Amino acid sequence: MEKTVVISGKEVTFKSVGTLPKLYKMQFQRDFFEDLHELSTIPLHEIILNMLKGQTVKPDVFLNVAWVLAKTADKSIPDLARWVKSFESFSIVELIPDIQEILSLSIGTKKSNNDRPNQGTSGGSINTETYLVLCHECKLSHDDLETMTIGMVLDYIDEYIDTHSPEGKKKNEKVIEYADEVPWL
């Protein structure tokens, strides 16, 4: 998922791919999914109003996410502080809707939380380490993650788990039996 926005007269491309949680964790030593969850509990209008009043409502998280999205699209972008200073003016408040849009489009999955039976005690929440372990267990490579959105990765993990469960294996056997009976041209 990519989106180009204009910041202080400069075009900046934001890109969200499956490696985003790992890059975020490596750069900021913070959990990407936990930070997003925390932000999702605050309504957008409240964030913007508080920021305009000079009160901070996690602007650092939005700024961190914006930088990682930009860095993913353009590896030549400098560190966060130099990147922000490279603009004549920089308002994270103006970028919040764009950041929210790209994240919601790239993290969206085909299955709703109600469709996920194995939510665990945390209600389905995931952290970066669990995400990376699941990617590894499902044999997703770094190159795979670079071409998939986070939502695609989560859907892939769901399908992988489903097809490797005892019920999923039985279902796959029936599909294979049916495919053997179908005359392919």
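These numbers come from a predicted model, not from an experiment.

Overview of the environment of Lys25
For step 1, the next point in the chain: Tracing the backbone through its elements, the reader meets Lys25 in helix 1 (residues 20-28).
For step 2, the next point in the chain: Exposure remark for Lys25: the relative accessible area of 27% places this residue in the partly exposed category.
For step 3, the next point in the chain: Between the alpha carbons of Lys25 and Glu129 there is a distance of 9.2 Å; along the sequence they are 104 residues apart.
For step 4, the next point in the chain: Ignoring any residue separated from it by four or fewer positions in sequence, one finds Lys25 in contact with Arg30, Asp31, Thr128 and Glu129.

Observations concerning the pairing of strand 2 (residues 10-15)
For step 1, the next point in the chain: Inspection of the sheet shows strand 1 (residues 2-7) paired to strand 2 by six bridges, in the antiparallel sense. Each residue of the ladder has a partner; that of Ile7, found in strand 2, is Lys10.
For step 2, the next point in the chain: Here strand 1 hands over to strand 2 after two residues, with Ser8 in that stretch at a positive phi of 50°.

Some words on the pattern of salt bridges
For step 1, the next point in the chain: Within the structure shown, the criterion is met by five salt bridges.
For step 2, the next point in the chain: With a closest N to O distance of 2.9 Å, Asp98 and Lys3 form a salt bridge. Taken together, the positions of Asp98 in helix 6 (residues 92-107) and Lys3 in strand 1 put the pair 95 residues apart, joining distant regions of the chain.
For step 3, the next point in the chain: Overall, the relative accessible area of 19% leaves Asp98 in the buried class.
For step 4, the next point in the chain: Glu129 is the salt-bridge partner of Lys25, the closest N and O atoms lying 2.8 Å from each other. Here the residue Lys25 occupies a position in helix 1, and Glu129 occupies one in helix 7 (residues 128-137), the gap between them amounting to 104 residues.
For step 5, the next point in the chain: On the accessibility criterion, Glu129 (38% relative accessible area) is partly exposed.
For step 6, the next point in the chain: Residues joined in a network through salt bridges with shared partners are Lys3, Asp98 and Glu101.

Observations regarding unusual backbone geometry
For step 1, the next point in the chain: Despite not being glycine, Ser8 has its phi angle at roughly 50°, a positive value.
For step 2, the next point in the chain: Along the chain, Ser8 falls in the loop between strand 1 and strand 2.
For step 3, the next point in the chain: A relative accessible area of 33% places Ser8 in the partly exposed class.

Focus: the packing of helix 1 against helix 2 (residues 32-40)
For step 1, the next point in the chain: Axis separation between helix 1 and helix 2 bottoms out at 8 Å; the angle between their running directions is 95°. The angle between helix 1 and helix 2 falls in the class roughly perpendicular. On helix 2, the residues that touch Leu20, Pro21 and Tyr24 of helix 1 are Phe32, Phe33 and Asp35.
For step 2, the next point in the chain: For the contact of helix 1 with helix 2, the per-class residue count stands at five nonpolar, no polar and one charged.

Regarding helix 1
For step 1, the next point in the chain: Taken residue by residue, helix 1 has Leu20, Pro21, Tyr24 and Phe28 as its buried positions. Within helix 1, the buried residues cover an arc of 100° as seen down the axis, which keeps them to one side.
For step 2, the next point in the chain: Positive backbone phi, at 55°, marks Gln29, one or two positions downstream of helix 1.

Side note on the packing of aromatic side chains
For step 1, the next point in the chain: Counted according to the given criterion, the structure contains nine aromatic pairs.
For step 2, the next point in the chain: Ring geometry for Phe33 and Tyr131: centres 5.2 Å apart, planes at 55°, overall tilted. Taken together, the residues Phe33 in helix 2 and Tyr131 in helix 7 connect sequence positions 98 residues apart.
For step 3, the next point in the chain: Each ring, one from Phe87 and one from Phe90, has its centre 5.5 Å from the other, and the planes form 45°; the classification is tilted.
For step 4, the next point in the chain: Residue classification places Phe87 among the buried residues on the basis of a relative accessible area of 7%.
For step 5, the next point in the chain: Judged by its relative accessible area of 22%, Phe90 is partly exposed.
For step 6, the next point in the chain: One aromatic cluster is present, built from ring pairs that chain together Tyr24, Phe28, Phe32, Phe33, Trp67 and Tyr131.

Criteria and cut-off values
- Residues numbered from 1 in each chain as written.
- Predicted model: local features only at pLDDT ≥ 70, side-chain atom pairs only at ≥ 80, totals over all residues.
- Heavy atoms only, no water.
- Helix = DSSP H or I, 4+ residues; strand = E, 2+ residues; numbered from the N terminus.
- Buried < 20%, exposed > 50% of the residue type's maximum accessible area, 1.4 Å probe, protein only.
- Contact = heavy atoms within 4.5 Å.
- Pairing = 2+ DSSP bridges.
- Salt bridge = Lys/Arg side-chain N within 4 Å of Asp/Glu carboxyl O.
- Axes fitted to C-alpha atoms, helices over the stretch in contact; angles between N-to-C directions.
- Parallel < 35°, antiparallel > 145°, perpendicular 65-115°, else oblique.
- Nonpolar A, V, L, I, M, F, W, Y, C, P; charged D, E, K, R; others polar.
- Arc of directions from axis to C-beta.
- Phe/Tyr/Trp six-rings, centres within 6.5 Å; stacked < 30°, edge-to-face > 60°.

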